[in-house]
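Read off the chains here:
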Amino acid sequence: MYLVNYESSIHTVILKLDGILFPEEYKTAWLSALDLMNTKHTNRFLIDARKHKAISLENQCWFKKEFLEIAHRKAQQIPDLPKVARINSPNIDNIEAMKSINRQIEESNYSFEYLTFDQYQDALEWLFEENTVAV
């Protein structure tokens, strides 16, 4: 199950992932979040994966091969550098699946900032920090 919403008080799109998502549901969740960012003209994206369980190999492959490229292209159209904060799941299967996804994001030059957190408040605070990238 998932929920995508826009929190106007913090100008942030929030994607809540819960349990195990089948491929079509997984794809819809992520693509809907990108569309909502575009519609609401926000560069902040919070992924709440605290209740997310295992990520199937099919979903992992789609995310790494297709979604990250789609997100990269869409991020290039946003005036301010998009910031994506993910709150980690304590589920061991989810942690293992995220290792390769996080590694790919770290090793690539995508047009968004991405960090993972264990605490909701830490993720939210980071989303509102000013960019500190040296020029």
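In this report, the structure presented in the accompanying data block is examined. This structure is a prediction, so every number in the text was calculated from the model and none was measured. Here the residue numbering is sequential within each chain, running from 1 through the sequence in written order. In keeping with the predicted nature of the model, local features appear solely for residues at pLDDT of at least 70, side-chain atom pairs appear and are counted solely at 80 or more, and the whole-chain, interface and lining totals rest on all residues. With hydrogens and water excluded, all non-hydrogen atoms of the structure serve as input to the side-chain values.

Notes on helix α1 (residues 23-40)
A rise of 1.5 Å per residue sets the reference length of α1, with its 18 residues, at 26 Å; its end C-alpha atoms lie 26 Å apart and thus fit the reference within 8%. All of the buried residues along α1 are Pro23, Tyr26, Ala29, Trp30, Ala33, Leu34, Leu36 and Met37. We call two residues in contact when some of their heavy atoms are within 4.5 Å. To qualify as a helix, a DSSP run of H or I must reach at least 4 residues; to qualify as a strand, a run of E must reach at least 2; elements of each kind are numbered from the N terminus. On its buried face, α1 is in contact with β1 (2-7), β2 (12-19), β3 (44-52) and α2 (57-75). Histidine 41 sits one or two positions beyond α1 and adopts a positive phi of about 55°. One fewer than the residue count of a helix, multiplied by 1.5 Å, yields its expected span. Summary of the burial criterion: residues with accessible area below 20% of their type's maximum are buried, those above 50% are exposed, and those between are partly exposed, where the area comes from a 1.4 Å probe applied to protein chains only.

Regarding the pairing of strand β4 (residues 83-87)
Of all five residues that make up β4, five are buried, and the element is covered over most of its length. Every second residue of β4 is oriented toward a common face, with Lys83, Ala85 and Ile87 on one face and Val84 and Arg86 on the other, all of them buried. Pairing analysis gives five bridges linking β3 to β4, with the strands arranged parallel. Directly across from isoleucine 47, in β4, lies its bridge partner arginine 86. With its strands directed away from the observer, a crossover is right-handed exactly when the path from the first strand over the helix to the second travels clockwise. Note that the unit made of β4, helix α3 (residues 92-107) and strand β5 (residues 113-117) has a crossover that is right-handed. Paired strands, as defined in this entry, are two strands with at least two bridges between them according to DSSP.

Describing the packing of aromatic side chains
Put simply, two rings from Phe, Tyr or Trp (the six-membered ring, in Trp's case) pair if the centres are within 6.5 Å, and we call them stacked under 30 degrees between planes, edge-to-face over 60, tilted for the rest. Applying the stated criterion across every chain yields a total of 10 aromatic pairs. Ring centres of tryptophan 30 and phenylalanine 63 lie 4.9 Å apart, and the angle between their planes is 70°; this geometry places the pair in the edge-to-face category. Residue tryptophan 30 is located in helix α1, and its partner phenylalanine 63 is located in helix α2; the two are separated by 33 residues in the primary sequence. Overall, phenylalanine 63 belongs to the buried group, its relative accessible area being 6%. Through successive ring pairs, a cluster of aromatic residues spans Tyr26, Trp30, Phe45, Trp62, Phe63 and Phe67.

Quick look at a negative patch on the surface
Together, Asp118, Asp122, Glu125 and Glu129 give the surface a local cluster of negative charge. Mapped onto the elements of the fold, aspartate 122 is located in helix α4 (residues 120-128). The patches described consist of residues with a relative accessible area above 30% and no salt bridge, like charges being joined within 9 Å and nonpolar side chains (Val, Leu, Ile, Met, Phe, Trp, Tyr) within 5 Å. The method behind every accessible area is Shrake-Rupley, applied with a 1.4 Å probe, and residues are considered shielded solely by the protein chains displayed. Salt bridge criterion: a side-chain nitrogen from Lys or Arg within 4 Å of a carboxyl oxygen from Asp or Glu. For the charge count, each Lys or Arg is scored as positive and each Asp or Glu as negative, with His and the chain ends excluded. All charge positions are set by atom: Lys at NZ, Arg at CZ, Asp at CG, Glu at CD.

Re unusual backbone geometry
The backbone of histidine 11 sits at a positive phi, close to 50°, despite the residue not being glycine. Relative to the helices and strands, histidine 11 is located in the loop between β1 and β2. Located in the positive-phi region is histidine 41, a residue other than glycine, with phi close to 55°. On the secondary structure map, histidine 41 appears in the loop between α1 and β3.

What to know about the packing of α2 against α3
The N-to-C vectors of α2 and α3 enclose an angle of 20°; their axes lie 10 Å apart at closest approach. Viewed along their axes, α2 and α3 adopt a mutual orientation that is roughly parallel. Relative to α3, α2 is oriented so that their crossing is right-handed. Each of Gln60, Phe63, Lys64 and Leu68 in α2 lies in contact with α3, whose residues at this interface are Ala97, Ser100, Ile101, Gln104 and Ile105. Under the scheme applied, nonpolar residues are Ala, Val, Leu, Ile, Met, Phe, Trp, Tyr, Cys and Pro; charged residues are Asp, Glu, Lys and Arg; polar residues are all the others, including Gly. Within the contact of α2 with α3, the residues separate by chemical class into five nonpolar, three polar and one charged. To obtain an axis, a line is fitted to C-alpha atoms, over the contacting stretch when the element is a helix, and the angle between two such axes runs from 0 to 180 degrees between their N-to-C directions. An angle below 35 degrees is read as roughly parallel, one above 145 as roughly antiparallel, one from 65 to 115 as roughly perpendicular, and any other as oblique. We call a crossing left-handed when the near helix sits turned anticlockwise from the far one by less than a right angle, and right-handed when that turn is clockwise.

Details of the nonpolar core
Here, nonpolar core refers to any group of buried Ala, Val, Leu, Ile, Met, Phe, Trp, Tyr and Cys residues whose side-chain atoms link them within 4.5 Å. Residues Trp30, Phe45, Phe63, Phe67 and Phe112 are the most contacted members of the largest nonpolar core, which totals 29 residues. For this core, the secondary-structure elements that each account for two or more residues are β2, α1, β3, α2 and α3. Looking at this core element by element, the count peaks at seven residues for α1. Setting aside its immediate chain neighbours within four residues, phenylalanine 67 contacts Trp30, Leu31, Leu34 and Trp62.

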